[in-house]
Amino acid sequence: MEKAIKKYFPIFVLPTLIAFAIGFIIPFLYGIFLSFCKFTTVTDFQWTGFDNYKRILYVNGVLDTTFLHSLWYTALFAAVCVLVINVVSFTIAMLLTKGIKGTNLFRTVFFMPNLIGGIVLSYIWLMLFNSILQHISKTIVSTQWYAFWGMVIVVCWQQIGYMMIIYIAGIQNIPGELIEAAKIDGAGFWQSLKSVILPMLMPTITICTFLTMSNGFKLFDQNLALTGGNPGKMSQLLALNIYDTMYGTAGWQGVGQAKAVIFFLLVAVIALVQNKLTTSKEVEQ
Amino acid sequence: MAKKTEESFSVRRAKHGGIYTLVFAVFSLVWIAPILIVVLNSFKRKAYIFRNPFSISSRSIRDGWEPFVQGARKVMCGWLNYNNAVKKTDFFHAFQYSLFITVASVILIILCTSMCAWYITRVHNKVTGAIYVLCLFSMIVPFQMVMFTLSKFANLLHLGNPLGIVIVYLGFGAGLSVFLFTGFIKGISIEIEEAAMIDGCTPLRTFFGVVFPILKPTAITVAILQAMWIWNDYLLPSLVLNINKYKTIPIAIQYLKQSHGQIDWGAMMAVLVLAIVPIVIFYLFCQKYIIEGVLAGAVKG
């Protein structure tokens, strides 16, 4: 059978492969190559070695902290998002698996914001934030911390419903006997939470933690629409910082591409660590 | 015994109805309040949106009913914002472009990647192995890594129109889809296919007659995941499409904000409502599939 199918490569695989080459393979390899060049478009490149990577931190011999700032700002942002989203969505999931009347309706409502795209979401909240903040004569971009918490609220509102769905599925997968047995043995709510529910949920917790973390690191639309990086690039997350470097100033495309390579490595490490953790957990079970 | 049942019953009732439902009902209302406030404000004159986004009248109800109604007349402007929004953003065209790009991309992705996935699961050699690994790899690469080169190549190949961008979406979305399809195909037994082939079916007929119907649940999952991504995507189309000619809904909304940051908030409120309504309708009809899709997509991480 394998032989008979084999001849059909051009029909079965080639369309996807060509599109995959245009949409991913070539841009990716070429992107790595260009990060070592000076260029304004894909045809006028000039090899410059590690110059672009140096220019991320040093401009004319002076330390430029924009990228470093956006790096720790993003890390902090991702950390806060991971914490808030997971705690809240786990709590809601626990309550909504107790058989409360109207559970289905509540789940529907909590999940809804997730389907609305980042741009639309951000303008909804921009209106709310600014109309509330005007009472103290501020806007969402008055300081980088208003911007920070604004983005946290928007992202939480968007992702809590999504993580809630995953947590609910995880909780429902815990065998009821286990919790019953703990109850019979005299375990209270906190004890069974700590000794039965949380350990059984570890795979789900790992997935949700890394999903929120990588979403936090890759956030772009909400950042662009809600703050635009203001005030003065101070609320730029990494993705927007790269975009701004590439398209904001002429002659800096190479530096932008070099930043993108570093960004890719960062996201890849997060993904690989997650993969390692989830597969090792599976082996243990 | 009787007492015990009664007791557990009452505990049950206290736990499962009443107060919890009430608390969650209030919480749910607060949760979707931002959307409701946007709907409310989309009918208000723009000057009044920021003055007080939560009210419908310029006068307090404490001033009496008559002044309150008069104030409401002054604040509310009917469908005026909607007229403005549709004109300013060319909304119906944007909607058509969004719809066409999403539907065409999803159909093409389902068709091509399911075929590709079947081939690389059934035929074992270095090429198919490499394709699978590359697909896995592409899932961890953020878009910023390829955005510059991808958009330039798309321009060189004249893919900057709604038809061309479909190919870009197929290419950039292939990784996840191939991964999900191969995961499923590995689980179905090869005997049925072999029987079909022995009966004289070509691989094409075997695939569309036997394999594809079995793949349907995964196809729906892939379709939901890709549709949610493509419909809401902003950055890729804004870089690849010829923006002066073709704007999808997210792009049209972002471009409502002028270069110096001025926003016509009346039109903005209306266009946000117009953007949300189709999503809510779609969600209410396909809720079951969307939730399943989300779960399947999450497990891949």
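Remember, it's a predicted structure, so these values are computed and weren't measured experimentally.

Engineer: Account for the overall build of chain A, naming residues and giving values.
Structural biologist: Tallying secondary structure elements over chain A gives 13 helices and four strands in all. The C-alpha extent of chain A, read off along each of the three principal axes, is 75 × 75 × 35 Å. Looking at chain A residue by residue over its 285 residues, the buried ones come to 40%. Pairs at least 24 residues apart make up 69% of the contacts formed inside chain A by residues separated by at least 6 positions.

Engineer: Explain the interface of chain A and chain B residue by residue, including any values.
Structural biologist: Every contact between the two is made by 75 residues of chain A and, on the other side, 72 residues of chain B. Counting residues per element, the side of chain A that touches chain B draws most heavily on helix α3 (residues 14-34) of chain A, at 15 residues.

Engineer: Please provide a residue-by-residue account of helix α7 (residues 118-133) of chain A, values included.
Structural biologist: All names here are of chain A. Over its 16 residues, α7 extends 21 Å from the first C-alpha to the last, a length consistent with the 22 Å expected when each residue adds 1.5 Å. Burial runs high along α7: 12 of the 16 residues are buried. The complete set of buried residues in α7 reads Gly 118, Ile 119, Val 120, Leu 121, Ser 122, Tyr 123, Ile 124, Trp 125, Leu 126, Met 127, Leu 128 and Phe 129.

Engineer: I'd like a description of the nonpolar core, backed by residues and values.
Structural biologist: Considering soluble globular proteins, one finds that nonpolar side chains tend to be buried as a cluster. The biggest cluster of nonpolar side chains holds 146 residues, and the ones touching the most others in it are Val 120 and Tyr 123 of chain A together with Val 271 and Leu 272 of chain B. For this core, the element with the most residues is helix α6 (residues 91-122) of chain B, which contributes 14 residues. Residues in contact with Leu 272 of chain B, not counting those within four places in the same chain, are Val 120, Tyr 123 and Ile 124 of chain A together with Val 38 of chain B.

Engineer: Run through the domain arrangement of chain A, naming residues and quoting values.
Structural biologist: You can read the domains of chain A as domain 1 (1-34) and domain 2 (66-284). On a C-alpha basis, the centroid separation for the pair domain 1 of chain A and domain 2 of chain A is 33 Å.

Engineer: Just give me the short version of the domain arrangement of chain B, but keep the residues and values in it.
Structural biologist: Residue and element names in this part refer to chain B. When cut into domains, chain B gives domain 1 (2-81) and domain 2 (83-300). Put simply, the middle of domain 1 and the middle of domain 2, counted by C-alpha atoms, are 37 Å apart. The interface is formed by 12 residues belonging to domain 1 together with 12 residues belonging to domain 2. Broken down by element, the side of domain 1 that touches domain 2 gets its largest block of residues, four residues, from helix α2 (residues 18-41). Of the residues that constitute the side of domain 1 that touches domain 2, the class distribution is seven nonpolar, three polar and two charged.

Engineer: Run through the environment of Ala 252 of chain B, naming residues and quoting values.
Structural biologist: Counting through the fold element by element, Ala 252 of chain B comes out in helix α13 (residues 249-254). Here Ala 252 of chain B is in contact with Thr 89, Asp 90, Phe 91, Ala 94 and Lys 247 of chain B, once residues within four sequence places are set aside.

Engineer: Residues and numbers for the environment of Leu 128 of chain A, please.
Structural biologist: On the secondary structure map, Leu 128 of chain A appears in helix α7. Separated by 38 residues in sequence, Leu 128 of chain A and Phe 90 of chain A place their C-alpha atoms 27 Å apart. Not counting chain neighbours up to four residues away, the residues in contact with Leu 128 of chain A comprise Pro 34, Ile 37 and Pro 53 of chain B.

About the thresholds
Residues numbered from 1 in each chain as written. Chains lettered and ligands numbered in written order. Predicted model: local features only at pLDDT ≥ 70, side-chain atom pairs only at ≥ 80, totals over all residues. Helix = DSSP H or I, 4+ residues; strand = E, 2+ residues; numbered from the N terminus. Buried ≥ 20, exposed ≤ 12 C-beta atoms within 10 Å, placed from the backbone. Contact = placed C-beta atoms within 7 Å. Expected span 1.5 Å × (residues − 1). Core = buried A, V, L, I, M, F, W, Y, C linked by C-beta atoms within 7 Å. Domains from an automatic or database assignment. Nonpolar A, V, L, I, M, F, W, Y, C, P; charged D, E, K, R; others polar.

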